[in-house]
Structure formats: C-alpha cells, structure tokens
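What the coordinates show
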Amino acid sequence: MTLPIAAALATIALVTGVSLALPALTRPTAPFGVLVPHAYVAHPEVIGQRRAYTRLVLIAALCAAAAGVPLVAAGRGAGFVSGVGAVLGVADLALYVRAGRGVRAARRDGGWEEGLRRRVTVDTTFRTDPVRVPWAWALPALVITLATAAVGWWRYGSLGALPSFRGYGVDPAGPARALTPLAAFEPVLIQAAITLLLPVVTLLVLRARPDLDAARPAGSARRYRVYLRGVARLTLAGAACLNLGLLVASLQLWQLVPPSPAWRIATYVPLVALLVAWVVREIRVGHGGHRLPALPGEDAEDTGATQRDDDRHWFLGGTVYLNRHDTALLVPARIGATWTLNLGHPVTWAILAALVLLGLLALTGVVDLPQRESLF
C-alpha cells in the first residue's frame, strides 16, 4: 500500500471516527444541537435519529473510500488526500444538520414543551470568582519553542537551500527555497504564535458566559467549573502538542533527519494524540461536564423549568450563533468542547474584517510572507 493511499484511508477513518463521536459530545438535552426537555432525551425519535445518523456516516465513509482512494492513487498528491477529508467532513456535517432537523420536527409536532416553564440560569460567581488559567500547563509549549529555536540557531550556519515547508510539515517534492532567517526559522515563529495565542484563547474561554441547565442550576454550575478547568489544561497541553509536531518538522527542514515517510508521519502524531485526547475526555466527562459524578443531593435537584428555547439563533447543528440582542461575544457551542463567536455582535464582524484584510494584504504582497520561490 502506497503512502498516499494509506494517508487517504487514515484521513477517512479519522473524520469518520470524529463524526461518529459527535452525538456523544453534546449534552443529552441538546441532541444534534436542538434543545429538548429532560423527559425527552431518550425519546424514540431522538434514538432513531442517532441510529440513522450512524448508518449514514458509515455509508458516507465507504463511498469516500470507494471514490477517493482511486483518485488519490492516480493523483498521488497530498491535495487529493486533503480534498477527500474535506468532502467527507462536509457530508458528515450535512448529515448531522439533517438529524437535528428531524429532532426539531418531532419536538414541534409532539408538543414536547407544552406546559413547561422556560428559564435562563445565571451564576454571577463565574464573574466574581472565575476559573483561573493554569499557567503551569503553558510551560511545556514554551520549553519546546525555546528548544527548537536553540537547535535552529546551532544548525543555521551549516544550512544550504531549504526544502519546501508547508506550514506544518516538509514537502521534499516541492520547490527549494533560498536560505534566509525568516525561511529557516518559520517553524519557530509559528511555535511562538501558538505559545502566545492559546493562553489568550484559554483566558477568553474561561471568561465566556457559562451555559447552565435551568432544571439543575446548582449542580450544572459546579460541574461546569470542573469542566472548564479540564478544558484549560487540555488547551494549554494542546499548545505543547502542536509545538512538538513543529519541532519534528523543523528537524526535517534543517536536514537533521531525512524527510522520509516515517518522519513525515511522526510530525502529525502529536496532532492525532491531541485530537484523540479531546474526544476521549469529552465523551468521558460530557459536554459541560454533565457526566461528572454528582455530589449528594444534586441528583434530586429539579426546578421544574426547561432551558429557554433559542434554537432560532443557532445554525449548522449548534456550531454557528447569531443573536443581535445578546451582548455576549463568545458563547459555548452546542457540540463538544467548542466555543463560537456571536455573529450578531459588531465586534465579531470587526475581527472577521481584520482577518480578511490581513489575508488580502498578504495576497497582494503588502504584507510579506516567507518566500517560496524555486532556486531552479
């Protein structure tokens, strides 16, 4: 089996595995991104949509393997592998949204929310006594960055032309690049950006508005605190995993190890380990920590209320949020350990406009990017 075919099959398996895990990464009261009362979390319609989603995802994986592997074998390019993974991911997301529409229709037609009180739970202690950033967990990422920089400094004087670097890995078949400090230390610059950015992201997540259960406010607030501490630790540990992969890539860039298939695979091992750790932890503790053990008395907590229905503000299976009347900028998404920007907030559009402007400046050459020109 050639490396491109093996990479395509691994990509299909990874995307399919994550897609199959998605229903388990949501709260029981938000199957496929749709809010349902506690009494209906095990309704036959919800279970049926889960089973149908699983079957369709597996069928999509088989179709991707049947159609994509021959294309990869013929093209023998990394672009084909990425394309197969992207198409399969979009198809699985469409199946997830389809299941959510089925649950929403069943809730509407079955009158699941008739007679229930709608409430919103607010816990001000998340502002007065927020979960702290575990800064010690950021040290491994910093140490790996400094170690990579030291190796690059030691190696720089003996380098010649550099192989093509694709942002996270070396492409030995790509055009060679002239030796410049920017080109040689590109992995270190990316590591530095990750080391600085992820703690900021962690801080923003810890300060984001919590999504608590109106039926069990006290218990959900305590679990959510425990959940946030784990998210913060894993996010900062993720920075170390990303930087470790870049360290392996830099060793190939600086020609300390050959850009062989084994070393190219080793570059992505920390990324796969990070993804697996996220999924396993999320399945074990549950979205928002709802699977964490309850303290005495928490199991009996029931206010008789149900969460306020704001499904009209959520799109794409609970991953996109748009509410012009909500002052929150960052809110927990309804799937896994993810947060999303409120597209109804003007600051969100300012951020998106700045990113688009930066991209346009890079494309037009106003902002210099590392040179990729061939030496031949």
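That block above? That's the structure.
The structure contained in this document is the topic of the report that follows. (Residues numbered from 1 in each chain as written. Predicted model: local features only at pLDDT ≥ 70, side-chain atom pairs only at ≥ 80, totals over all residues. Heavy atoms only, no water.)

**Observations concerning the overall build of the protein**
Secondary structure summary: the protein contains 10 helices and eight strands in total. A globule of 376 residues ought to have a C-alpha radius of gyration of about 21 Å, and the protein, at 23 Å, matches this closely. Over its C-alpha atoms, taken along the principal directions, the protein stretches across nearly 75 × 50 × 40 Å. Expressed as a percentage of the 376 residues in the protein, the buried residues total 44%. Within the protein, counting contacts between residues at least 6 apart in sequence, those at least 24 apart form 73% of the total. Summing over all exposed atoms, the protein offers an accessible surface of approximately 19,100 Å²; the carbon and sulfur share of this is 70%. Of note, the protein has its 35 positive side-chain charges centred 3 Å away from the centre of its 22 negative side-chain charges. (Helix = DSSP H or I, 4+ residues; strand = E, 2+ residues; numbered from the N terminus. Rg over C-alpha atoms; globule rule 2.2 N^0.38 Å. Buried < 20%, exposed > 50% of the residue type's maximum accessible area, 1.4 Å probe, protein only. Contact = heavy atoms within 4.5 Å. Areas by Shrake-Rupley, 256 points an atom, 1.4 Å probe, with all protein chains shown as cover. Lys, Arg positive; Asp, Glu negative; His and termini not counted. Charge placed at Lys NZ, Arg CZ, Asp CG, Glu CD.)

**Here's the deal with a nonpolar patch on the surface**
A cluster of nonpolar side chains, Leu14, Tyr268, Val272, Leu275, Val276 and Val280, forms an exposed patch at the surface whose accessible area comes to about 470 Å². The greatest single-element share of the nonpolar patch, amounting to five residues, is contributed by helix α9 (residues 261-285). Tracing the sequence through the fold places Val276 in helix α9. Given the relative accessible area of 43%, Val276 is considered partly exposed. (Patch = residues over 30% accessible without salt bridge, like charges linked within 9 Å, V, L, I, M, F, W, Y side chains within 5 Å. Salt bridge = Lys/Arg side-chain N within 4 Å of Asp/Glu carboxyl O.)

**Notes on the packing of helix α7 (residues 186-207) against helix α8 (residues 217-253)**
For any two helices packed against each other, the geometry is given by the interaxial angle and the distance between the axes. Two numbers describe how α7 lies on α8: the axes approach to 10 Å, and their chain directions differ by 175°. Overall, the two elements α7 and α8 adopt an arrangement that is roughly antiparallel. When the residues that make up the contact of α7 with α8 are grouped by side-chain class, the tally is 16 nonpolar, seven polar and no charged. (Axes fitted to C-alpha atoms, helices over the stretch in contact; angles between N-to-C directions. Parallel < 35°, antiparallel > 145°, perpendicular 65-115°, else oblique. Nonpolar A, V, L, I, M, F, W, Y, C, P; charged D, E, K, R; others polar.)

**Details of helix α5 (residues 139-155)**
Taking 1.5 Å of rise per residue, the 17 residues of α5 would be expected to cover 24 Å, and the 24 Å separating its terminal C-alpha atoms lies within 8% of that figure. Every buried residue of α5 is accounted for by Ala141, Ile144, Thr145, Thr148, Gly152 and Arg155. Across the axial projection of α5, the buried residues extend over an arc of 100°, all falling on one side. For α5, exposure combined with an orientation more than 90 degrees from the buried face picks out Val143, Leu146, Trp153 and Trp154. (Expected span 1.5 Å × (residues − 1). Arc of directions from axis to C-beta.)

**Structural notes on the pattern of salt bridges**
Close approach of charged atoms allows side chains with opposite charge to pair. Scanning the entire structure with this criterion turns up eight salt bridges. Here Asp211 ties to Arg27 by a salt bridge, and the two come within 3.2 Å at their closest N and O atoms. One end of the pair, Asp211, is in the loop between α7 and α8; the other, Arg27, is in the loop between α1 (3-21) and α2 (44-75), and 184 residues separate them in sequence. Accessibility expressed as a relative area gives 25% for Asp211, which makes it partly exposed. A cluster of three or more residues bridged by salt bridges with shared partners is formed by Arg107, Asp311 and Arg334.

**A look at the environment of Val15**
Here Val15 lies in helix α1. Placed 249 residues apart in sequence, Val15 and Arg264 show a C-alpha to C-alpha distance of 20 Å. Setting aside its immediate chain neighbours within four residues, Val15 contacts Gly85, Leu88, Gly89 and Asp92.

**Overview of the side chain of Asp326**
Looking at where Asp326 falls in the secondary structure, it is placed in the loop between β6 (320-321) and β7 (330-332). There is a polar contact of 2.9 Å between the side chain of Asp326 and the backbone nitrogen of Ala328. Beyond its immediate chain neighbours, meaning those up to four positions away, Asp326 contacts Arg209, Tyr321, Val331, Asn342 and His345. (Polar contact = N/O pair within 3.5 Å; in protein donor to acceptor, adjacent residues only side chain to side chain.)

**Focus on the packing of aromatic side chains**
Tallied over the full model, the rule gives nine aromatic pairs. Here the aromatic rings of Phe32 and Tyr53 are separated by 5.5 Å at their centres, their planes lie at 70°, and the arrangement is edge-to-face. Of this pair, Phe32 sits in the loop between α1 and α2 while Tyr53 sits in helix α2, and the two are 21 residues apart along the sequence. On the accessibility criterion, Tyr53 (1% relative accessible area) is buried. Directly above the ring of Phe126 sits Arg225, whose terminal nitrogen or CZ lies 4.7 Å from the centroid. (Phe/Tyr/Trp six-rings, centres within 6.5 Å; stacked < 30°, edge-to-face > 60°. Lys NZ or Arg CZ within 6 Å of the ring centre and 35° of its normal.)

**Here's the deal with α8**
Between its first and last C-alpha, α8 extends 52 Å over 37 residues, near the 54 Å set by a 1.5 Å rise per residue. Within α8, 28 of the 37 residues are buried, which leaves the element mostly enclosed by the surrounding structure. In the stretch just after α8, Gln255 is the one whose phi turns positive, near 60°.

**What to know about unusual backbone geometry**
Phi is positive for Phe32, close to 55°, though the residue is something other than glycine. Phi at Gln255 is positive, roughly 60°, even though this residue is not glycine. Mapped onto the secondary structure, Gln255 falls in the loop between α8 and α9.

**Points about empty space enclosed by the protein**
One pass over the full model with this rule turns up two cavities of 30 Å³ or more. As a volume, the largest cavity reaches approximately 70 Å³. The wall of the largest cavity is formed by Arg27, Thr29, Leu35, Val36, Pro37, His38, Leu212, Asp213, Ala215, Ala305, Thr306 and Gln307. Considering only residue class, the lining of the largest cavity consists of six nonpolar, four polar and two charged. Roughly 30 Å³ of internal volume is contained in the second largest cavity. Taken together, Arg27, Asp211, Tyr224, His287, Gly288 and Pro332 form the lining of the second largest cavity. (1 Å grid on protein atoms, 1.4 Å probe; cavity = no way out; pocket = protein on both sides within 12 Å on 5 of 7 lines; lining within 4 Å. Points joined across faces, edges and corners; volume = space filled by probe spheres on them.)

**So, the layout of surface pockets**
If a probe as big as a water molecule is rolled over the atoms, it shows which places are left empty. What the second largest pocket holds in volume is close to 890 Å³. Lining the second largest pocket are 41 residues, with Ile335, Ala337, Thr338, Trp339 and Thr340 sitting closest to its centre. Those elements giving two or more residues to the lining of the second largest pocket turn out to be α1, α3 (78-110), α7, α8, α9 and β8 (339-341). It is α7 that provides the largest number of residues to the lining of the second largest pocket, a total of eight residues. Here the lining of the second largest pocket is built from residues that sort into 27 nonpolar, nine polar and five charged.

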